[in-house]
Amino acid sequence: MVYKTKEQKKTFYGSGDWISLRLEALERDNYECQECKRQGLVTIDSTKTPGEKKQIVLNVHHIKGIEDHPEFALELDNLETLCVYHHNEVHGKGFKAQEPKWDDEKW
Ligand SMILES: [Zn+2]
Ligand SMILES: [Zn+2]
């Protein structure tokens, strides 16, 4: 199987196999972002104020991407629960923020 095109990925992420495995990964990780956990951060907000529930969106990330490693697409060991923030970071969207700034000081 290949997951190169948008359509192929869409089919994969809509498949029953993925949906149930994704749940398994979430349960294994206690619905916690594994990266937050590694950094000692708390991701799970208590829902003390019912009207103001903060929704934490968790993603199940493929450690080895399905494009390059379709053979691991349905391996529980290849999955990791991440919050949206860390998921974006891992995919490079947060990269800019980590670039060293050389124009901090102007002289
Ligand atoms: Zn996180
Ligand atoms: Zn991912």
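Rules of the game
In this convention, every chain numbers its residues from 1, walking through the sequence in written order. Ligands are numbered from 1 and chains lettered from A, in the order in which they are written. Where local features are concerned, this predicted model is filtered to residues with pLDDT of at least 70; where side-chain atom pairs are given and counted, the filter is 80 or more; whole-chain, interface and lining totals use all residues. Hydrogens and water are ignored here; the side-chain numbers use all heavy atoms of the structure. Listed donors are limited to N, O and S atoms within 2.8 Å of the metal, widened to 3.2 Å for Na, K and Ca; water is not among them, so incomplete-looking sites are possible. Think of it this way: with four donors and all angles in the 85 to 135 degree range, the site is tetrahedral; with four or six donors, opposite ones beyond 155 degrees and the rest between 65 and 115, it is square planar or octahedral; otherwise it is irregular. What counts as a helix is a DSSP run of H or I of at least four residues, what counts as a strand is a run of E of at least two, and both are numbered from the N terminus. Here the term buried applies to any residue with accessible area under 20% of the maximum for its type, exposed to any over 50%, and partly exposed to those in between, with areas from a 1.4 Å probe on protein chains only. In what follows, a contact means two residues having at least one pair of non-hydrogen atoms within 4.5 Å. Any Lys or Arg side-chain nitrogen found within 4 Å of a carboxyl oxygen on Asp or Glu counts as a salt bridge.

Asks: Please give an account of the coordination of the zinc ion (ligand 1) that cites residues and values.
Replies: Coordination of the zinc ion (ligand 1) by the protein is provided by Cys33 (SG), Cys36 (SG), Cys83 (SG) and His86 (ND1), with metal-donor distances spanning 2.0 to 2.3 Å. Here the zinc ion (ligand 1) binds four donor atoms, and the angle range of 105 to 118 degrees at the metal identifies the geometry as tetrahedral. Spacing between the donor residues of the zinc ion (ligand 1) along the chain follows C-x2-C-x46-C-x2-H. Of the two residues, Cys36 is situated in helix H3 (residues 34–38) and Cys83 in strand S2 (residues 79–83); the sequence distance between them amounts to 47 residues. Both residues of the pair, Cys36 and Cys83, count as buried.

Asks: Give a description of the side chain of His86 that names residues and reports values.
Replies: Structurally, His86 can be placed in helix H4 (residues 84–90). The residues touching His86, leaving out its near neighbours within four places in the chain, are Cys33, Glu35, Cys36, Gln39 and Leu41.

Asks: Which residues make up the pattern of salt bridges, and what values go with them?
Replies: Enumeration over the complete set of coordinates arrives at five salt bridges. Taking the shortest distance from any N to any O, the salt bridge between Glu67 and Lys9 comes out at 2.6 Å. On the criterion of sequence distance, the pair formed by Glu67 in the loop between strand S1 (58–62) and S2 and Lys9 in helix H1 (residues 6–13) is long-range, its members being 58 residues apart. Looking at Glu67, the relative accessible area reads 36%, which means it is partly exposed. The residue Arg38 makes a salt bridge to Glu80 at a minimum N-O spacing of 3.1 Å. Of this pair, Arg38 sits in helix H3 while Glu80 sits in strand S2, and the two are 42 residues apart along the sequence. Note on Arg38: relative accessible area 53%, which makes it exposed. Take Glu80: its relative accessible area is 15%, and that puts it in the buried class. What you see here is one network of salt bridges that share partners, running through Glu35, Arg38 and Glu80.

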